[in-house]
Amino acid sequence: MAVVKADLAACQGYANCVVGAEDVFDIDDDGIVVLLKTTIPDADRTRVEEAARSCPVSALVIEDD
Amino acid sequence: MARTVIVGASVGGVRTAQALRAAGYPGEIALIGDEDVPPYDKPPLSKALLAGTATLDSVGLLTAEAAAAAGIELVLGSPATRLDRKQHQVLLADGTAEPYDALVIATGARPRPSPWGTPRGVHVVRTLADARALAAALRAGGPLVVVGAGFIGAEVAATALGLGLDDVTVVDPMSVPLSRVLNPEVATIFGTLHAERGVSARFGVGVTDIREIPAGLEVGLDDGTVLPAATVVVGIGAVPNDDWLADSGIATEDGVLCDRFCRSVSDPHVWAVGDVSRWWHPGHGQTMRLEHWTNAVEQAVVVAHNITHPHELRSHAPVEYVWSDQYDWKIQLVGRTGGELAHVRVDGTNPHRSFAVLYSDESDRFVGALVVNWPKALITCRRVLTKTATEPAPVGQVHTLVENARPPARAAS
Ligand SMILES: Cc1cc2nc3c(=O)[nH]c(=O)nc-3n(C[C@H](O)[C@H](O)[C@H](O)COP(=O)(O)OP(=O)(O)OC[C@H]3O[C@@H](n4cnc5c(N)ncnc54)[C@H](O)[C@@H]3O)c2cc1C
């Protein structure tokens with residue numbers, strides 16, 4: 001398992017994460033990321049990491065649980 | 001051991017290296033960059049870095065430690081000058097030869113040079129050094145003249161105003177800003193935005209010359225006006241850095257010509273990502289070259305996959321996405337916009353600053369959108385375009401979805 005962390009102050013609402021993994025990320029009315037889940041099964045890790053790396057302001061990290 | 005050499009160490013190159021590791025690439029990876037600073041990101045150069053609210057650290061893409069940990073060899077400070085395909089090696093200016101099995105070209109683009117010369121005080125914005133030099137010049141005060149009302153020009157004007165300059169002019173030969181990506185009726189909204197914020201706009205007039213005078217600079221316009229300037233920024237587009245391949249036999253045509261897999265049409269061992277890549281977009285049925293951050297990142301993932309999975313090649317068929325932050329506005333474009341496409345405007349909660357413009361083709365199918373200050377509408381449009389890439393949705397249907405994405409009006413606080 002891994003955990004996702006979001007830096008809400010850094011988030012600019014560019015929404016690349018939502019396009020990359022819409023089961024994990026959403027954006028609220030103010031354009032700030034919402035984590036739909038925080039623990040990521042190993043099988044999904046690469047895909048979610050890819051979505052995190054597509055954040056233009058590096059607001060997302062995936063860490064070992 | 002297999003070895004991938006990536007030339008160009010900004011977002012396209014760095015993300016390719018990281019995606020190769022994520023895809024389990026077992027070989028060596030060398031990432032070559034001509035600048036002697038660690039890889040950094042470009043979008044902040046006309047925004048937060050210029051404004052002084054970001055630093056080199058905060059715009060960094062890959063530290064030496066992170067590179068070492070990922071097994072990425074960073075080779076910085078010397079440009080690649082030649083590709084020798086017979087010997088399978090890239091030659092650097094300092095004489096080093098870098099052998100490869102797979103080569104990824106990620107050399108990006110550079111500003112289209114000023115046709116009016118570059119006397120002292122004339123700037124472009126592409127590198128960290130450019131942004132630092134411009135930031136220092138702006139700190140000394142105005143007047144500032146920005147030539148070119150595309151994304152970068154508009155962002156520089158907005159940032160300069162935020163820094164306290166009160167004499168900022170944007171000049172563009174087209175009658176509206178952002179004319180490459182928006183139709184005039186919609187683009188004019190951004191002309192009004194500049195005017196409301198206090199930037200003088202001189203649209204529909206061209207620059208004839210830039211002269212050095214004892215007090216600074218003078219910008220001559222083709223309607224006879226002369227604008228005094230302490231600093232001039234020329235933001236008139238970019239050209240791909242593909243000239244170093246000139247004698248390599250790699251086909252270029254305003255970018256490295258690639259197939260749908262982002263592989264050079266001339267050599268199956270050579271790939272291109274980011275601003276330098278002109279690849280065949282299978283969905284659009286034409287070659288294209290995008291200068292968008294998100295494209296570089298998505299293309300990097302595709303190329304890394306293709307290098308590691310030669311028997312399961314993936315096409316690169318993205319939904320275009322680019323953002324621009326001007327003043328306190330977030331301007332976002334998805335898919336195809338502007339030109340001859342039909343458009344319909346949908347107002348957000350505060351129509352003066354939040355709205356979406358939906359673009360559709362001759363069969364009323366939704367093909368792209370401009371979204372301003374309205375995150376949920378952006379998500380809706382990106383989702384729909386991603387899911388309907390092969391069979392576009394009726395624009396009326398998307399109109400309803402976007403209407404439903406309007407947040408409830410909030411009482412003024
Ligand atoms: C000021 C500015 C603001 C921007 N803002 C936005 C924005 O808000 N939103 C958005 O979507 N996009 C934006 N962009 C565009 C986005 O930054 C680019 O699409 C992205 O940087 C492309 O990445 P790249 O790696 O392909 O090319 P580049 O970023 O151009 O990087 C290429 C790298 O290769 C190096 N290089 C070149 N030639 C050689 C050589 N021969 N040998 C070795 N190294 C070489 C260069 O020095 C450079 O470091 C902006 C661009 C600029 C310049």
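Please read all numbers here as calculations on a predicted model, not as lab measurements.

Reading the values: the criteria
- Residues numbered from 1 in each chain as written.
- Chains lettered and ligands numbered in written order.
- Predicted model: local features only at pLDDT ≥ 70, side-chain atom pairs only at ≥ 80, totals over all residues.
- Heavy atoms only, no water.
- Contact = heavy atoms within 4.5 Å.
- Buried area = accessible area lost by both parts, 1.4 Å probe.
- Polar contact = N/O pair within 3.5 Å; in protein donor to acceptor, adjacent residues only side chain to side chain.
- Helix = DSSP H or I, 4+ residues; strand = E, 2+ residues; numbered from the N terminus.
- Nonpolar A, V, L, I, M, F, W, Y, C, P; charged D, E, K, R; others polar.
- Near = heavy atom within 4 Å.
- Areas by Shrake-Rupley, 256 points an atom, 1.4 Å probe, with all protein chains shown as cover.
- Domains from an automatic or database assignment.
- Axes fitted to C-alpha atoms, helices over the stretch in contact; angles between N-to-C directions.
- Left-handed = near helix turned anticlockwise from the far one by under 90°.
- Expected span 1.5 Å × (residues − 1).
- Buried < 20%, exposed > 50% of the residue type's maximum accessible area, 1.4 Å probe, protein only.
- Pairing = 2+ DSSP bridges.

Asks: How should the interface of chain A and chain B be read in this particular structure?
Replies: The figure often quoted for interface size is the accessible area lost as the parts come together. With 20 residues of chain A in contact, the opposing surface of chain B contributes 25 residues. Of the roughly 1,900 Å² buried between chain A and chain B on both sides combined, carbon and sulfur atoms contribute 51%. Together, Tyr14(A), Asp29(A) and Arg53(A) form the three largest contributors to the area buried by chain A at its contact with chain B, with a combined 35%. In this assembly, chain A and chain B are joined by 11 residue pairs in polar contact (both at pLDDT 80 or more). The set of elements that each furnish at least two residues to the side of chain A that touches chain B consists of α1 (16-20), β2 (25-27) and α2 (45-53) of chain A. Among the residues making up the side of chain A that touches chain B, the classes are represented as 7 nonpolar, 6 polar and 7 charged.

Asks: Looking at this structure, how should I read the site of the ligand?
Replies: Residues and elements named next belong to chain B. Neighbouring the ligand are 32 residues, the closest being Gly12, Asp34, Lys47, Arg126 and Asp275. A distance of 2.7 Å separates an oxygen atom of the ligand from a polar atom in the side chain of Asp275. Isolated, the ligand exposes 1,000 Å² of accessible area, and the fraction of that covered by the protein chains is 94%. Broken down by secondary-structure element, the contributors of at least two residues to the shell around the ligand are α1 (11-22), α5 (151-162) and β22 (321-326). Each of domain 1 (3-110 + 239-308) and domain 2 (122-236) gives at least three residues to the shell around the ligand.

Asks: Which parts of the structure should I look at to understand the packing of α1(B) against helix α7 (residues 293-308) of chain B?
Replies: Residues and elements named next belong to chain B. Axis separation between α1 and α7 bottoms out at 8 Å; the angle between their running directions is 35°. Here α1 and α7 pass one another in a crossing that is right-handed. Where α1 approaches α7, its residues Val11, Gly12, Arg15, Thr16, Ala19 and Leu20 are matched on the opposing element by Trp293, Ala296, Val297, Ala300, Val301, Val303, Ala304, Ile307 and Thr308. Looking at the contact of α1 with α7, its residues break down into 11 nonpolar, 3 polar and 1 charged.

Asks: What is the right way to read helix α6 (residues 184-197) of chain B from this model?
Replies: Think of an α-helix as turning once every 3.6 residues; residues three or four places apart then point the same way. Residue and element names in this part refer to chain B. Relative to the 20 Å expected for 14 residues at 1.5 Å per residue, α6 spans 20 Å between its end C-alpha atoms, a close match to the ideal helical length. All buried positions along α6 are accounted for by Val186, Ala187, Ile189, Phe190, Gly191, Leu193 and His194. Where α6 ends, the next residue or the one after it, Gly198, has phi of about 105°, a positive value.

Asks: When you look at the sheet that holds strand β18 (residues 256-258) of chain B in this model, what are you seeing that I'm missing?
Replies: Two modes of strand pairing occur in sheets, parallel and antiparallel, and in both the strands are linked by backbone hydrogen bonds. Residue and element names in this part refer to chain B. Spatial ordering of the open sheet is given by β18-β20-β21, a layout of 3 strands whose pairing is mixed. Unpaired on one side and paired on the other, β18 and β21 (286-288) mark the two borders of the sheet. Between one strand axis and the next, the sheet turns by 25° as a mean value, whatever way the strands run. Of the pairings in the sheet, the one linking β18 to strand β20 (residues 277-281) comprises 3 bridges and is parallel in character. Of the residues in β20, the one forming a bridge with Cys258 is Trp279.

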